[in-house]
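Per-entry structural report
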Amino acid sequence: MNDKLELDIDDIQVIVHKKETANFQFQTPGRAWDGFVMFTKGCGSVTDEKGVTHKISCGDVFLTRKGDAYTIEAEQECAYVTSGIRVKTDKSILPVIYKCTERQQANILEITKLWQSYTWDSYAQCRIGLLKFYLEIIKETVEKRNVDNDIAKAIEFIHEHFKTNFTGKELAEYCAMSVSYLRGRFLKQTGQTIGKYRDSLRIAAAKEMLESRCFTVTEIARELGYCDVYHFSKVFSGYTGMPPSRWIHRMK
């Protein structure tokens, strides 16, 4: 996965909520669009492109790609939201089946209702909602791919608070474990200390701020939580091999 995620919904063909009778089966030799199928009632199974069969029930989403061949079956009555959209992202990071929260289920139903309202802003509003939905799926999948749930929780906290000078104790309390245990597991699973991980996020943000040419080095240091510009410059140089002032001139 690249350092910067590409994600866009650049076309929406259809979003519809369908109801099916018992002994329902749908089969396609090759899907024409990207999209998803989210069960809202009943349960069934999905046999994916690789021939693997997955059980699917209310709240489960089957994420599909253009060209996929698959089969959906349900012995009892069922209902589901299905869509035809064009998703621009690295699709290898998308799971086949994703379990939605109740909030996500409600959001998808709201998006479906909005799409079928045909108001002047329905396309834009649906696109925004779908982007948020896919971003949540990608974020959760990436964070949980290589780390346990409690370390994923720590990573989420760091991403939300990397501009602040939180302590190891505060992070450990948030994750409900001791400081030493958290530090050991974090290092083992991410290959970085908590401080280094936070600094890597700060430096990535600093580069973007420098490239925008909208901030001074002092303003960036203050915004990213460094005690002074000298400390920021030292950390920045350690990551890039040059101080922020030279980084700016490098781009000219």
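So, here's what we can say about the structure. (Residues numbered from 1 in each chain as written. Predicted model: local features only at pLDDT ≥ 70, side-chain atom pairs only at ≥ 80, totals over all residues. Heavy atoms only, no water.)

Here we look at the side chain of Thr89
Along the chain, Thr89 falls in the loop between strand 8 (78–88) and strand 9 (97–99). The exposure class of Thr89 is buried, given its relative accessible area of 13%. Here Glu6 takes part through its backbone oxygen, which lies 2.7 Å from a polar atom of the side chain of Thr89. (Helix = DSSP H or I, 4+ residues; strand = E, 2+ residues; numbered from the N terminus. Buried < 20%, exposed > 50% of the residue type's maximum accessible area, 1.4 Å probe, protein only. Polar contact = N/O pair within 3.5 Å; in protein donor to acceptor, adjacent residues only side chain to side chain.)

Topic: the packing of helix 3 (residues 149–161) against helix 5 (residues 179–190)
The interhelical angle for the contact between helix 3 and helix 5, taken along N-to-C directions, is 90°, at an axis separation of 10 Å. Viewed along their axes, helix 3 and helix 5 adopt a mutual orientation that is roughly perpendicular. Touching Asp150, Ile151, Ala154, Ile155 and Ile158 of helix 3 are Leu182, Arg185, Phe186, Gln189 and Thr190, all from helix 5. Of the residues that constitute the contact of helix 3 with helix 5, the class distribution is 6 nonpolar, 2 polar and 2 charged. (Axes fitted to C-alpha atoms, helices over the stretch in contact; angles between N-to-C directions. Parallel < 35°, antiparallel > 145°, perpendicular 65-115°, else oblique. Contact = heavy atoms within 4.5 Å. Nonpolar A, V, L, I, M, F, W, Y, C, P; charged D, E, K, R; others polar.)

Considerations on the environment of Thr47
When you line up the elements, Thr47 lands in strand 4 (residues 43–47). C-alpha of Thr47 to C-alpha of Thr71: the two residues are 24 residues apart in sequence and 5.2 Å apart in space. Setting aside anything within four residues of it in sequence, one finds Thr47 in contact with Val52, Thr53, Ala69, Tyr70 and Thr71. Here the side chain of Thr47 touches Thr53 through a polar contact of 3.1 Å, side chain to side chain.

Description of the nonpolar core
Formed by 33 residues in total, the largest nonpolar core has its most connected members in Ile158, Leu171, Leu182, Phe186, Leu224 and Phe232. Elements supplying a minimum of two residues to this core: helix 3, helix 4 (168–175), helix 5, helix 6 (194–212), helix 7 (217–223) and helix 8 (229–240). Aside from chain neighbours lying at most four places away, what touches Phe186 is Ile151, Ala154, Ile155, Ile158, Gly191, Gln192, Thr193, Ile194 and Tyr197. Formed by 25 residues, the second largest nonpolar core is a distinct cluster that contains Leu7, Met38, Val87 and Leu130. (Core = buried A, V, L, I, M, F, W, Y, C linked by side-chain atoms within 4.5 Å.)

Topic: the sheet that holds strand 8
On the basis of which strands lie adjacent, the open sheet formed by 5 strands has the order 1-8-3-6-9 and antiparallel pairing. Of all strands in the sheet, those with a lone pairing partner are strand 1 (8–20) and strand 9, marking the two edges. Taking each pair of neighbouring strands and ignoring which way they run, the sheet shows an average axis angle of 20°. Across 3 bridges, strand 6 (residues 60–64) lies against strand 9 in antiparallel orientation. Its bridge partner being in strand 9, Asp60 is matched across the sheet by Lys99. Packing against the sheet, helix 2 (residues 122–145) makes contact with strand 1, strand 3 (35–41), strand 6, strand 8 and strand 9, and its axis sits at approximately 90° to strand 1. (Pairing = 2+ DSSP bridges.)

Points about the pattern of salt bridges
Overall, the coordinates contain 10 salt bridges when judged by the stated rule. Put simply, Arg86 and Asp11 hold a salt bridge, and the shortest N to O gap is 3.4 Å. With Arg86 in strand 8 and Asp11 in strand 1, this residue pair connects regions lying 75 residues apart in the sequence. For Asp11, a relative accessible area of 22% translates into the label partly exposed. Connected through salt bridges with shared partners, the residues Asp10, Asp11 and Arg86 form a single ionic network. (Salt bridge = Lys/Arg side-chain N within 4 Å of Asp/Glu carboxyl O.)

Some words on helix 8
Each α-helix turn comprises 3.6 residues. Residues three or four places apart therefore point the same way. In this model, helix 8 (12 residues) spans 16 Å end to end at C-alpha, consistent with the 16 Å of a helix rising 1.5 Å per residue. By the burial criterion, the buried members of helix 8 are Phe232, Ser233, Val235, Phe236 and Thr240. Buried residues of helix 8, seen end-on, are gathered within an arc of 165° and therefore sit on one face of the element. Facing away from the buried side of helix 8 by more than 90 degrees, the exposed set consists of Tyr230, Lys234 and Gly238. With a side-chain oxygen lying 3.0 Å from the backbone nitrogen of Tyr230, the N-terminal cap of helix 8 falls on Asp228. Where helix 8 ends, the next residue or the one after it, Gly241, has phi of about 85°, a positive value. (Expected span 1.5 Å × (residues − 1). Arc of directions from axis to C-beta.)

Shape is all these values report; function is a separate question.
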